[in-house]
Amino acid sequence: MLFESSRHEALCSSVWNEYAVQQATLSIIDDIETSLLPDACWPTHPLDAEKGSNICHGTAGNGYAFLYLYHRWGNKVWLDRARKFAMHAIKQYQNDRLAYGQGRYTLWTGDAGLAIYLHHCLYPQQAAIPGLDLF
């Protein structure tokens with residue numbers, strides 16, 4: 001057995017309530033949607049400029065959140081935001097290519113992952129983070 005409750009201390013005394021979790025998630029999404037300016041995609045982070053375009057910890061990885069929200073809720077605003085992130089990631093890729101004189105040839109931290117993300121922005125019904133959504 002992977003989990004034995006007798007070997008773990010509960011973090012809180014309340015029982016898991018799926019409805020409460022869904023409502024909290026919807027509340028967070030609603031707060032985000034109402035706090036953004038009409039043309040804004042997402043609140044920026046001080047390290048956003050340094051992270052690059054990749055899936056692992058860059059723009060493409062963050063953009064997948066929008067694709068999942070679009071897939072889950074069907075609201076086109078999330079697809080539009082994913083595509084804005086894609087355009088930004090393309091600029092990051094081009095700038096990095098010029099700055100370093102070469103690409104990054106890995107799935108998670110390189111250009112291959114970005115290419116897959118761009119494909120998923122064109123075909124959002126197929127969106128899945130490579131290697132994570134196989135099960």
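Rules used in this analysis
- Residues numbered from 1 in each chain as written.
- Predicted model: local features only at pLDDT ≥ 70, side-chain atom pairs only at ≥ 80, totals over all residues.
- Heavy atoms only, no water.
- Helix = DSSP H or I, 4+ residues; strand = E, 2+ residues; numbered from the N terminus.
- Expected span 1.5 Å × (residues − 1).
- Buried < 20%, exposed > 50% of the residue type's maximum accessible area, 1.4 Å probe, protein only.
- Contact = heavy atoms within 4.5 Å.
- Salt bridge = Lys/Arg side-chain N within 4 Å of Asp/Glu carboxyl O.
- Phe/Tyr/Trp six-rings, centres within 6.5 Å; stacked < 30°, edge-to-face > 60°.
- Lys NZ or Arg CZ within 6 Å of the ring centre and 35° of its normal.
- pLDDT = per-residue confidence, 0-100.
- Core = buried A, V, L, I, M, F, W, Y, C linked by side-chain atoms within 4.5 Å.

### Section: helix α5 (residues 111-122)
Okay, so step 1: Here α5 is 12 residues long and its end C-alpha atoms lie 17 Å apart, about the 16 Å a rise of 1.5 Å per residue gives.
Okay, so step 2: Along α5, the residues that are buried comprise D111, G113, L114, Y117, H120 and C121.
Okay, so step 3: If you follow the buried residues of α5, they end up packed against α3 (59-73) and α4 (76-100).

### Brief notes about the pattern of salt bridges
Okay, so step 1: Across all of its chains, the model carries two salt bridges by this definition.
Okay, so step 2: The partner of R97 in a salt bridge is D111, and the shortest N-O contact between them spans 3.8 Å. With R97 in helix α4 and D111 in helix α5, the pair connects residues that are 14 residues apart, well separated along the chain.
Okay, so step 3: Residue R97 is classed as partly exposed on the basis of its relative accessible area, which comes to 33%.
Okay, so step 4: The class of D111 is buried, set by a relative accessible area of 17%.

### Things to note about the packing of aromatic side chains
Okay, so step 1: For the structure shown, the criterion picks out four aromatic pairs.
Okay, so step 2: When the ring of F66 is compared with that of F85, the centres are 4.9 Å apart and the planes differ by 85 degrees; the resulting orientation is edge-to-face. With F66 in helix α3 and F85 in helix α4, this residue pair connects regions lying 19 residues apart in the sequence. The two residues F66 and F85 agree in class, both being buried.
Okay, so step 3: Through pairs of rings, three or more aromatic residues link up here, namely Y64, Y68 and Y117.
Okay, so step 4: When the ring centre of W78 is taken as origin, the NZ or CZ atom of R81, which lies over that ring, is 5.1 Å away.

### Overview of the confidence of the model for the protein chain
Okay, so step 1: Confidence along the protein chain averages 84 in pLDDT terms, with 85% of residues attaining 70 or more.
Okay, so step 2: At the level of individual helices and strands, the protein chain shows its lowest average pLDDT in helix α2 (residues 48-51), which scores 70, and its highest in α5, which scores 96.

### Digging into the side chain of N54
Okay, so step 1: Positionally, N54 belongs in the loop between α2 and α3.
Okay, so step 2: Apart from residues lying up to four places away in sequence, N54 is in contact with T59, A60, G61, R104, W108, T109 and G110.

### A closer look at α3
Okay, so step 1: Relative to the 21 Å expected for 15 residues at 1.5 Å per residue, α3 spans 21 Å between its end C-alpha atoms, a close match to the ideal helical length.
Okay, so step 2: Taken as a whole, α3 has its buried residues at T59, A60, G63, Y64, F66, L67 and L69.
Okay, so step 3: Immediately downstream of α3, the backbone of G74 shows phi near 75 degrees, a positive value.

### Some thoughts on the nonpolar core
Okay, so step 1: If you look at the biggest cluster of nonpolar residues, it comprises 17 residues, and the most contacted ones within it are Y64, L67, A82, Y117 and C121.
Okay, so step 2: Listing elements by their share of this core, those giving two or more residues are α3, α4 and α5.
Okay, so step 3: In terms of residues, this core owes the most to one element, α4, which gives six residues.
Okay, so step 4: When residues no more than four places from it in sequence are discounted, the contact partners of Y117 are A60, G63, Y64, L67, A82, F85 and A86.

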